[in-house]
Amino acid sequence: MNFTLKIWRQKNGADKGGLVTYEVKGISPDSSFFEMLDMLNQQLIGQGIDPVSFDHDCREGICGTCSLYINGRPHGPLKGVTTCQLHMRSFRDGEAIFIEPWRCGAFPVIKDLIVDRSAFDRIIQSGGYVSVNSGGIPDANAIPVPKHDSDASFDAAACIGCGACVASCPNASAMLFVSSKVSHLALLPQGRIEAERRVQNMVATMDSLGFGNCSNTYACEAECPKEISVANIARMNREFLAAKVFAEKEKKVSFSL
Amino acid sequence: MINLNAGAPQGPLSEQWASYKSGCKLVNPNNKRKLDVIVVGTGLAGASAAATLGQLGYNVKVFCYQDTPRRAHSIAAQGGINAAKNYQNDGDSVYRLFYDTIKGGDYRARESNVYRLASISPQIIDLCVAQGVPFAREYGGLLANRSFGGTQVSRTFYARGQTGQQLLIGAYSALSRQIAEGSVTLYNRRDILDVVIVDGKARGVIARNLVTGEIERYSAHAVVLASGGYGNVFYLSTNAMGSNVTPAWSAYRKGALFANPCFTQIHPTCIPVHGEFQSKLTLMSESLRNDGRIWVPKEKSDVEKLRKKEIKPTDIPEERRDYYLERRYPAFGNLVPRDVASRAAKERCDAGYGVGSTGLAVYLDFSAAIKRLGREAIAARYGNLFQMYEQIVDEDPYQTPMMIYPAVHYTMGGLWVDYDLMTTVPGLYAIGECNFSDHGANRLGASALMQGLADGYFVLPYTISNFLSSEIHTPSIDTGLPEFEAAAKSVRERLDSLKNTNGKESVDHFHKKLGKIMWEYCGMARNEAGLNKALGLIAELKADFTANVRIPGGLNEYNPELEKAWRVQDFIELGELMVRDALQRNESCGGHFREEYQTPDGEAMRDDEKCAFVGAWEFRGSGSEPELHREELRFETVTPSQRSYK
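Thresholds, definitions, all that
- Residues numbered from 1 in each chain as written.
- Chains lettered and ligands numbered in written order.
- Predicted model: local features only at pLDDT ≥ 70, side-chain atom pairs only at ≥ 80, totals over all residues.
- Helix = DSSP H or I, 4+ residues; strand = E, 2+ residues; numbered from the N terminus.
- Buried ≥ 20, exposed ≤ 12 C-beta atoms within 10 Å, placed from the backbone.
- Contact = placed C-beta atoms within 7 Å.
- Rg over C-alpha atoms; globule rule 2.2 N^0.38 Å.
- Domains from an automatic or database assignment.
- Pairing = 2+ DSSP bridges.
- Axes fitted to C-alpha atoms, helices over the stretch in contact; angles between N-to-C directions.
- Nonpolar A, V, L, I, M, F, W, Y, C, P; charged D, E, K, R; others polar.
- Expected span 1.5 Å × (residues − 1).
- Arc of directions from axis to C-beta.
- pLDDT = per-residue confidence, 0-100.

### A few points about the overall build of chain A
Link 1 in the chain: The helix and strand tally for chain A stands at nine helices and seven strands.
Link 2 in the chain: Principal-axis analysis of the C-alpha atoms places the extent of chain A at approximately 75 × 40 × 35 Å.
Link 3 in the chain: Counting every position in chain A, which comprises 257 residues, the buried fraction comes to 51%.
Link 4 in the chain: Pairs at least 24 residues apart make up 69% of the contacts formed inside chain A by residues separated by at least 6 positions.

Dropping the structure here:
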């Protein structure tokens, strides 16, 4: 198969950047999208041109390193698939393919197609954990967890932190990412204890990092390679509201004492 | 001659770890704050170690090459994590997990380390559940288990087919908590290119900032390497693209011994190679062998027709199928250990019974299980794996059998460590896949996650205090010391020389060539003539690389080709050491199958009289041959026997 590629090239964060056109020929339909880019890069190296930088690592759809808007869609045309699991048979022979980095103020471009997503780490650092140390832990079966809750928790925990939700959102909101972590932990008795504090801290951090708000377009769910449900956002809103109300009540109680 | 003494405590195996902990020297909280520890890598071992050391109050600096710690390749582990909980009441115990691991490793691991691993395993599950890891559960609310290759009990805990991901997220959250508290500092997008040794002790690292290209110096009172395995020496493997041996290799070049490099694991159930431009291989969890039956056609005429696509696999009736694992190993059937299953697949394909367009594939068939349990039950167990398979291969495994072939997956060899997980360099530790210690010549499924977390959460935090307790009077190490100066200079010189080669060929060109040599001569089966040939080929490749590699871009910018070049240069040197190690080991054991040493029916022949040792290599300088040291393995609790899964 042959393709015309329109790829975003940007030397570094300060550079303005722009689209550059390349041609690739003789690509097997069984090649992955990145194998196609590998071939392009081999070609460019041969011509003495700086190869295209893109983030990728496990190439099996689980590490969350890869990104890319492909023809305007995060992770390309398929549903429930990361860019690294996309194969060229999903494209038409001779097609022009536009390849761009995530576009979001909170994810600045580092080079070409690579962006800095460390804002996600900072959100997790503000509460995406259960505060336990590596010792003094009760037996794993001491607290039974209803299978239904555990499965729902897993569904939320399947988030790979790639940022497609932010990239797809017209407001660049990180609500799906944050709510998946809030849900993952709030659904388990182990995570329940800190649930109120967690949701408030994580939402505050999210807001402070320049992510937008949610206006219910559900683009995030549609583009999420792990098909994380927007029901998590509803759960987070409920948790958030309950935490706020609870916090108010607590204040009043302590006043009256 | 270096004396390789593991230093395990005296006394019966079951009491050694308890007695070690009782006698272990401690550091008081005020002093912990003054002690710096560097952790390289944020997979299960690195993240769990960094988080725990941070909780204890040490000053931790943690490094990863990825953009965030959560991406480390532990995340891709699918099947599960073993623990001797005996929740199923099916006869499991610490001893049995210990025994299975020693036996599965073909009696080439140290009893003391393996016993400690087995005894710690239950605690890991407790901790992970407390962190919020959503393991699979039964309707009663308690944890579910499944069986795995090489064992006869169900001791594997799992989170669908994404156990590694969930465990790593657990460790990453624990790490994030410490970062927020300030006890751990994260340095992402950094390659560790050298280990700095001052007065005989590991005191720091030289890092390259992958974004700016800057060469940075970091110091500490101790250095912990958790940089993973070296499977990418084969170019095609199930490892992540960035997985590399560089931190461990720089330690080797600085005096740490590298043990059993030839013990590599070829995993039996991977998606077969499709073509020349393939960049990596994808694993299909071994757990699939619980319900899938492996077969090839009995008749070559059927093989021909399949390859020409004249018939479909489902057209071949039962009596014309060869379920070769069930035939050869009736007791374990499709659940034999990985090395045995991989070799059996190779044997059938070499004999001309392989299927698929290349003839290098066998079937993994779920039709019987779907008939027995229903499609839904199979989907609940393996849904995401089936989906992944369909996405890559474009065939529906519910309708037609999967095609699989062995691929490089894990490396049992690694830096030599003692009972404390310390290398031969004082203050330099190696944990997780980066060390050699627990899996002998073959790792059992679901044991890598167990070892990584055991080392990081529960072993290293004790053993490192034994070392650090004598460092409380050492002030922070100055990165201006001549040793740092020299290390940074040599890193810069090597980068310059790579950049200035200005040859004709890309790094991948050399990496692919290396991979082919390693797979052909030091892969699933090895022999003396082939290994000697490989030595010559690698020497040629090394010279060719030095003269002809081409690296575009600059030194002081984001430059993935430069990163790869450094890694591949290390892989070429490692490849040579692997071949030497395979040559010196005159026996077949676990993942190391020397064709000269086999029974008439093709089973591996171990030599316990001559080869019951760990082969640990010492670097003797770039133009000289490395020196082999031996740690004799003494089996006081189990009696080595020829492994039989028949």
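### Structural notes on the overall build of chain B
Link 1 in the chain: In terms of regular secondary structure, chain B is built from 18 helices and 19 strands.
Link 2 in the chain: The C-alpha atoms of chain B give 24 Å as radius of gyration, which agrees with the globular expectation for 646 residues (26 Å, within 12%).
Link 3 in the chain: Overall, the C-alpha framework of chain B stretches about 75 × 60 × 50 Å when taken along its three principal axes.
Link 4 in the chain: Of all 646 residues assigned to chain B, the portion counted as buried reaches 60%.

### Digging into the domain arrangement of chain B
All names here are of chain B.
Link 1 in the chain: When the domains of chain B are assigned, the result is domain 1 (267–408) and domain 2 (482–612).
Link 2 in the chain: When each unit is reduced to the centre of its C-alpha atoms, the spacing between domain 1 and domain 2 is 31 Å.
Link 3 in the chain: Listed as interface residues are six residues of domain 1 and, on the opposing side, six residues of domain 2.
Link 4 in the chain: Top element by residues in the side of domain 1 that touches domain 2 is helix 10 (residues 338–350). It accounts for five residues.

### Focus on the sheet that holds strand 19 (residues 627–632) of chain B
All names here are of chain B.
Link 1 in the chain: Here four strands make up an open sheet; going across it, the order is 16-10-18-19 and the pairing antiparallel. The outermost strands of the open sheet, each flanked by one partner alone, are strand 16 (414–415) and strand 19.
Link 2 in the chain: Here strand 18 (residues 613–618) runs beside strand 19; their pairing, made up of six bridges, is antiparallel. Each bridged residue has a counterpart across the sheet, and for glutamate 618 the counterpart in strand 19 is glutamate 627.

### Topic: the sheet that holds strand 7 (residues 201–209) of chain B
Residues and elements named next belong to chain B.
Link 1 in the chain: Overall, antiparallel pairing links the three strands, which are arranged 6-7-8 in an open sheet. Among the strands making up the open sheet, the edge pair consists of strand 6 (190–198) and strand 8 (215–219). Pairwise comparison of adjacent strand axes, ignoring direction, gives a mean angle of 25° for this sheet.
Link 2 in the chain: Bridging between strand 6 and strand 7 involves eight bridges; their strand directions are antiparallel.

### Regarding the interface of chain A and chain B
Link 1 in the chain: Contact residues are listed per partner, giving 64 residues for chain A and 64 residues for chain B.
Link 2 in the chain: Of all the secondary-structure elements, those providing two or more residues to the side of chain A that touches chain B are helix 1 (33–46), strand 6 (109–111), helix 2 (118–125), helix 3 (147–157), helix 5 (175–186) and helix 6 (189–192) of chain A.
Link 3 in the chain: Ranked by residues supplied to the side of chain A that touches chain B, first place goes to helix 1 of chain A with six residues.
Link 4 in the chain: Along the lines of polarity and charge, the residues of the side of chain A that touches chain B split into 25 nonpolar, 25 polar and 14 charged.

### Topic: unusual backbone geometry
Link 1 in the chain: Phi at histidine 75 of chain A takes a positive value of approximately 60°, unusual for a residue other than glycine.
Link 2 in the chain: If you trace the backbone, histidine 75 of chain A turns up in the loop between strand 4 (73–74) and strand 5 (96–100).
Link 3 in the chain: A positive phi angle is found at lysine 309 of chain B, which is not glycine, with a value near 65°.
Link 4 in the chain: Judged by the 8 C-beta atoms lying within 10 Å of it, lysine 309 of chain B is exposed.

### Focus: helix 16 (residues 528–548) of chain B
Owing to its 3.6 residues per turn, the α-helix aligns residues three or four sequence positions apart on the same side.
All names here are of chain B.
Link 1 in the chain: With 21 residues, helix 16 extends 30 Å from end C-alpha to end C-alpha; this agrees with the ideal 30 Å at 1.5 Å per step.
Link 2 in the chain: Restricting attention to buried positions, one finds in helix 16 the residues Leu531, Ala534, Leu537, Ile538, Leu541 and Phe545. Down the axis of helix 16, the buried side of the element spans an arc of 115°, and every buried residue falls inside it. Of the residues in helix 16, the exposed ones pointing more than 90 degrees away from the buried face are Ala529, Gly536, Ala539, Glu540, Ala543 and Ala547.
Link 3 in the chain: Residues of helix 16 that are buried in the fold lie against helix 15 (507–522) and helix 17 (560–584).

### Here we look at the pairing of strand 2 (residues 59–63) of chain B
Residue and element names in this part refer to chain B.
Link 1 in the chain: Counting buried residues along strand 2, five of its five residues qualify, which places the element largely inside the surrounding structure.
Link 2 in the chain: Going residue by residue along strand 2, you find Asn59, Lys61 and Phe63 tucked away on one face and Val60 and Val62 tucked away on the opposite face as well.
Link 3 in the chain: Relative to strand 2, strand 1 (residues 36–40) runs parallel, the two being bridged by five bridges. When the sheet's bridge partners are listed, isoleucine 38 is paired in strand 2 with lysine 61.
Link 4 in the chain: Pairing analysis gives four bridges linking strand 2 to strand 5 (residues 184–187), with the strands arranged parallel. Looking at the pairing, phenylalanine 63 lines up with tyrosine 187 of strand 5.

### Notes on the domain arrangement of chain A
All names here are of chain A.
Link 1 in the chain: Domain annotation of chain A identifies domain 1 (3–111) and domain 2 (118–256).
Link 2 in the chain: Each of domain 1 and domain 2 was reduced to a C-alpha centroid, and the two centroids are 31 Å apart.
Link 3 in the chain: For the side of domain 1 that touches domain 2, the class distribution of residues is 10 nonpolar, seven polar and two charged.

### A word on helix 17 of chain B
Link 1 in the chain: In this model helix 17 of chain B runs 36 Å from its N-terminal to its C-terminal C-alpha over 25 residues, within 8% of the 36 Å that 1.5 Å per residue would give.
Link 2 in the chain: Along helix 17 of chain B, 22 of the 25 residues are buried, which leaves the element largely enclosed by surrounding structure.

### With respect to the environment of methionine 36 of chain A
Residues and elements named next belong to chain A.
Link 1 in the chain: Relative to the assigned elements, methionine 36 resides in helix 1.
Link 2 in the chain: Distance from methionine 36 to methionine 88, taken between C-alpha atoms, is 7.8 Å for residues 52 residues apart in sequence.
Link 3 in the chain: If sequence neighbours within four positions are ignored, methionine 36 has contacts with Val24, Ile27, Ser31 and Met88.

### Overview of the confidence of the model for chain B
Link 1 in the chain: In the predicted model, chain B carries a mean pLDDT of 95, and the fraction of residues at 70 or more is 100%.
Link 2 in the chain: What the predictor reports for the complex is a pTM of 0.96 with an ipTM of 0.96.

### Comments concerning the environment of arginine 550 of chain B
Link 1 in the chain: By the element assignment, arginine 550 of chain B lies in the loop between helix 16 and helix 17.
Link 2 in the chain: Classification of arginine 550 of chain B by C-beta neighbours within 10 Å gives partly exposed; the count is 19.
Link 3 in the chain: With residues up to four places along the chain from it excluded, the contact list for arginine 550 of chain B reads Ile45 of chain A together with Asn502, Gly503, Lys504, Glu505 and Ser506 of chain B.

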